[in-house]
Amino acid sequence: MTSEGEKQIRNVSRYIRGVLKKTGGYDGTQGYQIELVATDIVVFRKIRKALLEAETVTVTEYSREGDPREKPHPLLFQLREQSKVVSKGLDLLMMNIKSKKGKAEAADSFAMFMNEMGKDD
(Lines give C-alpha, C1' and ligand atoms only; values in the text may rest on other atoms or scores of the structure.)
Protein backbone atom coordinates (compact mmCIF):
# COMPACT_ATOMS: atom_id res chain seq x y z
CA MET A 1 0.00 0.00 0.00
CA THR A 2 1.21 3.52 -0.71
CA SER A 3 2.33 5.93 1.95
CA GLU A 4 -1.04 7.63 1.48
CA GLY A 5 -2.71 4.30 2.27
CA GLU A 6 -0.51 3.89 5.36
CA LYS A 7 -1.45 7.41 6.46
CA GLN A 8 -5.15 6.60 6.06
CA ILE A 9 -4.72 3.41 8.11
CA ARG A 10 -2.95 5.34 10.88
CA ASN A 11 -5.71 7.96 10.91
CA VAL A 12 -8.48 5.36 11.08
CA SER A 13 -6.55 3.44 13.78
CA ARG A 14 -6.19 6.62 15.80
CA TYR A 15 -9.91 7.32 15.44
CA ILE A 16 -10.89 3.78 16.50
CA ARG A 17 -8.52 3.89 19.47
CA GLY A 18 -10.00 7.25 20.52
CA VAL A 19 -13.56 5.97 20.31
CA LEU A 20 -12.65 2.87 22.31
CA LYS A 21 -10.89 4.94 24.98
CA LYS A 22 -13.82 7.35 25.21
CA THR A 23 -16.30 4.50 25.68
CA GLY A 24 -14.08 2.54 28.07
CA GLY A 25 -13.59 -0.33 25.65
CA TYR A 26 -9.83 0.03 25.11
CA ASP A 27 -7.50 -2.15 27.14
CA GLY A 28 -4.16 -1.68 25.38
CA THR A 29 -3.95 -5.19 23.95
CA GLN A 30 -6.05 -4.41 20.89
CA GLY A 31 -3.39 -2.67 18.81
CA TYR A 32 -3.10 -5.36 16.17
CA GLN A 33 -6.88 -5.87 15.95
CA ILE A 34 -7.37 -2.11 15.57
CA GLU A 35 -4.78 -2.02 12.77
CA LEU A 36 -6.51 -4.92 10.99
CA VAL A 37 -9.91 -3.25 11.23
CA ALA A 38 -8.46 0.08 10.09
CA THR A 39 -6.88 -1.65 7.08
CA ASP A 40 -10.18 -3.34 6.26
CA ILE A 41 -11.97 0.03 6.44
CA VAL A 42 -9.42 1.70 4.14
CA VAL A 43 -9.75 -1.17 1.64
CA PHE A 44 -13.55 -0.89 1.84
CA ARG A 45 -13.30 2.83 1.09
CA LYS A 46 -11.02 2.22 -1.91
CA ILE A 47 -13.41 -0.36 -3.37
CA ARG A 48 -16.37 1.95 -2.73
CA LYS A 49 -14.60 4.87 -4.40
CA ALA A 50 -13.72 2.76 -7.45
CA LEU A 51 -17.33 1.55 -7.73
CA LEU A 52 -18.74 5.06 -7.36
CA GLU A 53 -16.34 6.36 -10.01
CA ALA A 54 -17.32 3.59 -12.44
CA GLU A 55 -19.52 4.65 -15.32
CA THR A 56 -22.18 2.12 -14.36
CA VAL A 57 -22.85 -0.54 -11.75
CA THR A 58 -23.24 -3.15 -14.46
CA VAL A 59 -20.86 -4.62 -16.99
CA THR A 60 -21.66 -6.08 -20.36
CA GLU A 61 -20.35 -9.53 -21.10
CA TYR A 62 -20.65 -11.27 -24.42
CA SER A 63 -21.47 -14.90 -24.97
CA ARG A 64 -19.55 -17.07 -27.44
CA GLU A 65 -22.28 -16.29 -29.91
CA GLY A 66 -21.69 -12.57 -29.40
CA ASP A 67 -24.91 -11.91 -27.48
CA PRO A 68 -24.54 -9.19 -24.85
CA ARG A 69 -25.72 -9.69 -21.28
CA GLU A 70 -25.65 -7.28 -18.38
CA LYS A 71 -24.18 -8.40 -15.07
CA PRO A 72 -23.56 -6.58 -11.81
CA HIS A 73 -20.16 -4.90 -11.63
CA PRO A 74 -17.61 -7.22 -9.94
CA LEU A 75 -16.67 -4.40 -7.55
CA LEU A 76 -20.20 -4.57 -6.16
CA PHE A 77 -19.56 -8.11 -4.93
CA GLN A 78 -16.16 -7.13 -3.54
CA LEU A 79 -17.73 -4.18 -1.73
CA ARG A 80 -20.35 -6.43 -0.14
CA GLU A 81 -17.73 -8.97 0.98
CA GLN A 82 -15.45 -6.26 2.38
CA SER A 83 -18.42 -4.75 4.20
CA LYS A 84 -18.92 -8.08 5.97
CA VAL A 85 -15.23 -8.18 6.92
CA VAL A 86 -15.40 -4.64 8.35
CA SER A 87 -18.58 -5.40 10.25
CA LYS A 88 -17.06 -8.53 11.78
CA GLY A 89 -13.93 -6.61 12.78
CA LEU A 90 -15.99 -3.87 14.40
CA ASP A 91 -18.02 -6.54 16.16
CA LEU A 92 -14.83 -8.05 17.62
CA LEU A 93 -13.91 -4.60 18.92
CA MET A 94 -17.45 -4.23 20.33
CA MET A 95 -18.01 -1.20 18.11
CA ASN A 96 -21.30 -1.91 16.40
CA ILE A 97 -24.93 -2.04 17.48
CA LYS A 98 -25.10 -5.83 17.40
CA SER A 99 -22.08 -6.33 19.65
CA LYS A 100 -23.09 -3.55 22.04
CA LYS A 101 -26.58 -5.01 22.34
CA GLY A 102 -25.10 -8.46 23.01
CA LYS A 103 -22.76 -7.04 25.64
CA ALA A 104 -25.65 -5.26 27.39
CA GLU A 105 -27.82 -8.38 27.28
CA ALA A 106 -24.99 -10.47 28.71
CA ALA A 107 -24.50 -7.96 31.54
CA ASP A 108 -28.25 -7.95 32.25
CA SER A 109 -28.35 -11.75 32.21
CA PHE A 110 -25.44 -11.95 34.61
CA ALA A 111 -27.09 -9.41 36.94
CA MET A 112 -30.32 -11.42 36.90
CA PHE A 113 -28.36 -14.60 37.63
CA MET A 114 -26.61 -12.96 40.60
CA ASN A 115 -29.95 -11.63 41.91
CA GLU A 116 -31.46 -15.11 41.70
CA MET A 117 -28.44 -16.61 43.47
CA GLY A 118 -28.86 -14.06 46.28
CA LYS A 119 -32.49 -15.03 46.82
CA ASP A 120 -31.52 -18.54 47.88
CA ASP A 121 -29.73 -17.25 51.01
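The structure displayed is predicted, hence computed values, not measured ones.

Glancing now at helix α3 (residues 74–92). Think of an α-helix as 3.6 residues a turn; residues three or four steps apart then line up on the same face. Look at α3: 28 Å from first C-alpha to last across 19 residues, which is about the 27 Å you get at 1.5 Å a residue. Of the positions making up α3, those classed as buried are L75, L79, Q82, V86 and G89. Taken down its axis, α3 places every buried residue within 85 degrees of arc, on the same side. Structural note: α3 exposes K84, K88 and L92 on the side pointing more than 90 degrees away from its buried face. Contacts from the buried residues of α3 go to α2 (31–53).

The geometry of α2 relative to α3 is characterised by a closest axis approach of 9 Å and an angle of 155 degrees between their N-to-C directions. In terms of orientation, α2 and α3 fall into the roughly antiparallel class. When the axes of α2 and α3 are compared, the crossing they make is left-handed. Where α2 approaches α3, its residues Q33, V37, D40, I41, V43, F44, I47, R48, A50 and L51 are matched on the opposing element by L75, L76, Q78, L79, Q82, S83, V85, V86, G89, L90 and L92. Counted by class, the contact of α2 with α3 contains 14 nonpolar, five polar and two charged residues.

Position of H73 relative to the elements: it lies in the loop between β2 (68–72) and α3. Given the relative accessible area of 16%, H73 is considered buried. Polar contacts involving the side chain of H73 include one to the main-chain amide nitrogen of L75, which spans 3.1 Å. Not counting chain neighbours up to four residues away, the residues in contact with H73 comprise L51, A54, T56, V57, T58 and V59.

Ranked by size, the top nonpolar core spans twelve residues in total: I9, V12, I16, L20, I34, V37, A38, I41, V42, V86, L93 and M95. Secondary-structure elements contributing two or more residues to this core are α1 (3–23) and α2. Here the element with the most residues in this core is α2; it accounts for five residues.

This part is about α2. Between its first and last C-alpha atoms α2 spans 33 Å; for 23 residues at 1.5 Å apiece the expected length is 33 Å, and the two agree. Among all positions in α2, only I34, V37, A38, I41, V42, I47 and L51 are buried. Buried positions along α2 lie against α1 and α3.

Further remarks concern the packing of α1 against α2. Close contact between α1 and α2 brings their axes to 8 Å; oriented N to C, the two are set at 125 degrees. Here α1 is positioned oblique relative to α2, judged by the angle of their axes. Helix-helix and strand crossings are classified by hand; for α1 and α2 the assignment is right-handed. Across the interface between the two elements, Q8, I9, V12, S13, I16, R17 and L20 from α1 touch G31, I34, E35, V37, A38, T39, I41, V42, R45 and K46 from α2. In terms of residue class, the contact of α1 with α2 is made up of nine nonpolar, four polar and four charged.

The rules behind the values
Residues numbered from 1 in each chain as written. Predicted model: local features only at pLDDT ≥ 70, side-chain atom pairs only at ≥ 80, totals over all residues. Heavy atoms only, no water. Helix = DSSP H or I, 4+ residues; strand = E, 2+ residues; numbered from the N terminus. Expected span 1.5 Å × (residues − 1). Buried < 20%, exposed > 50% of the residue type's maximum accessible area, 1.4 Å probe, protein only. Arc of directions from axis to C-beta. Contact = heavy atoms within 4.5 Å. Axes fitted to C-alpha atoms, helices over the stretch in contact; angles between N-to-C directions. Parallel < 35°, antiparallel > 145°, perpendicular 65-115°, else oblique. Left-handed = near helix turned anticlockwise from the far one by under 90°. Nonpolar A, V, L, I, M, F, W, Y, C, P; charged D, E, K, R; others polar. Polar contact = N/O pair within 3.5 Å; in protein donor to acceptor, adjacent residues only side chain to side chain. Core = buried A, V, L, I, M, F, W, Y, C linked by side-chain atoms within 4.5 Å.

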